[in-house]
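Notes for the structure review
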Amino acid sequence: MALDFHVKDVIHQIVAKFTHAFLPEAKKPYNLRAVHQPELDIHGIASKADVYNIATNPKVIEDGLTAGMELIHYLVADGYKIKTPLFNLRLRIPGEYDGSETRLPDGVFPMARLQTSAGFREYLKHKVKIEFSGIDQSEGLIAEITDEATGLVDEAATLGNLLTIHGYGLKISCDEVHEAEVGLYFDPVEGGTPVKVPIIAVNEPRTLKVIVPAGLNPGAAYSLKLVTQSSARGGGTLLKHIREVRSDFVLIAQS
């Protein structure tokens, strides 16, 4: 299977801003972050066909993508290694063993490993140009969330288990007047009352470790909202007002 999108000579222009480095071990103060990253589902992907001169009917593309993804879903679960022009996908069984086991340890389950293909990496290398657009002046960023129960990043929140949140301007602190307002909240995407995180085990400017509230609805989607009075610039300074930082992705609650 070969990539042939009839747009081989297109140079893609991505606007990116400097954003404060969010990992604690970062050696330099900034990362680059794409400014415009809209989220597309399969229907949204198909609807863009004419933009890239893809002559196939969008409905055909949508139906084909849906059927193909469903087939890949079952093939990977049956042990097949999938190789496509965009990604390679295979089953991985985590853990270390002494060779005498007859079943997986409790809490261990097969996982999928997805890697971009060599061809797509080469396409990105030669066809994507980055336009530098100054420093992101937003007051804080929720950059990456790891569900420690599953290892999933920016996807899941396992009830009663630990989440590790990386970003900047994350430290939650306040004066006595704002104690009832500040905290980290799971905000239901479909509407409803935000649920406050009960336990914050680590509370640092670039790292939070929190316990996922047991009261979340399994299967529901939540964004994270951080409310704090601390300055995003650190130094322990309290602002006169509270500020909010929201994740630009959602987590699915799971039991």
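Placed above this text is the structure.
Residues numbered from 1 in each chain as written. Predicted model: local features only at pLDDT ≥ 70, side-chain atom pairs only at ≥ 80, totals over all residues. Heavy atoms only, no water.

Some details on the nonpolar core
- Counting residues in hydrophobic clusters, the biggest one holds 24 residues, and the most contacted among them are Ile165 and Phe186.
- Those elements giving two or more residues to this core turn out to be strand S7 (141-147), strand S9 (162-168), strand S10 (183-188), strand S13 (207-211), strand S14 (221-230) and strand S16 (251-254).
- With three residues, S14 is the single largest residue contributor to this core.
- Listed in part, the five residues of the second largest apolar core include Ile72, Val76, Ile82 and Phe87. (Core = buried A, V, L, I, M, F, W, Y, C linked by side-chain atoms within 4.5 Å. Buried < 20%, exposed > 50% of the residue type's maximum accessible area, 1.4 Å probe, protein only. Helix = DSSP H or I, 4+ residues; strand = E, 2+ residues; numbered from the N terminus.)

Some remarks on the environment of aspartate 187
- Considering the arrangement of structural elements, one finds aspartate 187 in strand S10.
- Residue class for aspartate 187 comes out buried when judged on its relative accessible area of 13%.
- Considering only alpha carbons, one finds aspartate 187 and arginine 33, 154 residues apart in sequence, at a separation of 24 Å.

Observations regarding unusual backbone geometry
- With a phi close to 60 degrees, asparagine 53 is a non-glycine residue in the positive phi region.
- Mapped onto the elements, asparagine 53 comes out in the loop between helix H1 (42-47) and helix H2 (58-77).
- One non-glycine residue, aspartate 154, lies in the positive phi region at around 60 degrees.
- Within the secondary structure, aspartate 154 sits in the loop between S7 and strand S8 (156-158).
- A relative accessible area of 27% places aspartate 154 in the partly exposed class.

Details of a nonpolar patch on the surface
- A cluster of nonpolar side chains, Ile14, Phe18, Tyr30, Leu32, Ile130, Phe132 and Ile135, forms an exposed patch at the surface whose accessible area comes to about 570 Å².
- Listed by contribution, the elements that provide at least two residues to the nonpolar patch are strand S1 (12-20), strand S2 (30-34) and strand S6 (128-135).
- Here the nonpolar patch gets three residues from one element, more than from any other, and that element is S6.
- Here leucine 32 is to be found in strand S2.
- The exposure class assigned to leucine 32 is partly exposed, which follows from its relative accessible area of 39%. (Patch = residues over 30% accessible without salt bridge, like charges linked within 9 Å, V, L, I, M, F, W, Y side chains within 5 Å. Areas by Shrake-Rupley, 256 points an atom, 1.4 Å probe, with all protein chains shown as cover. Salt bridge = Lys/Arg side-chain N within 4 Å of Asp/Glu carboxyl O.)

Overview of the sheet that holds strand S4 (residues 87-92)
- A sheet is described by the order of its strands in space; here three strands give the open sequence S3-S4-S5, paired in antiparallel fashion. Across the chains shown, the open sheet's two edge strands, defined by having one partner strand only, are strand S3 (82-83) and strand S5 (111-116).
- As defined by bridge partners, S4 adjoins S5 across six bridges and the pair is classed as antiparallel. Of the residues in S5, the one forming a bridge with arginine 90 is arginine 113.
- Running over the sheet, H2 touches S3 and S4 and is turned about 40 degrees from S4. (Pairing = 2+ DSSP bridges. Contact = heavy atoms within 4.5 Å. Axes fitted to C-alpha atoms, helices over the stretch in contact; angles between N-to-C directions.)

A few points about the pairing of S14
- The buried fraction of S14 amounts to nine of the ten residues, a majority that puts the element mostly inside the structure.
- Pairing between S10 and S14: six bridges, direction antiparallel. The partner of proline 188 across the bridge, within S14, is tyrosine 222.
- One ladder, built from two bridges, connects S14 with S16; its direction is antiparallel. In the strand pairing of S16, tyrosine 222 is matched with leucine 251.

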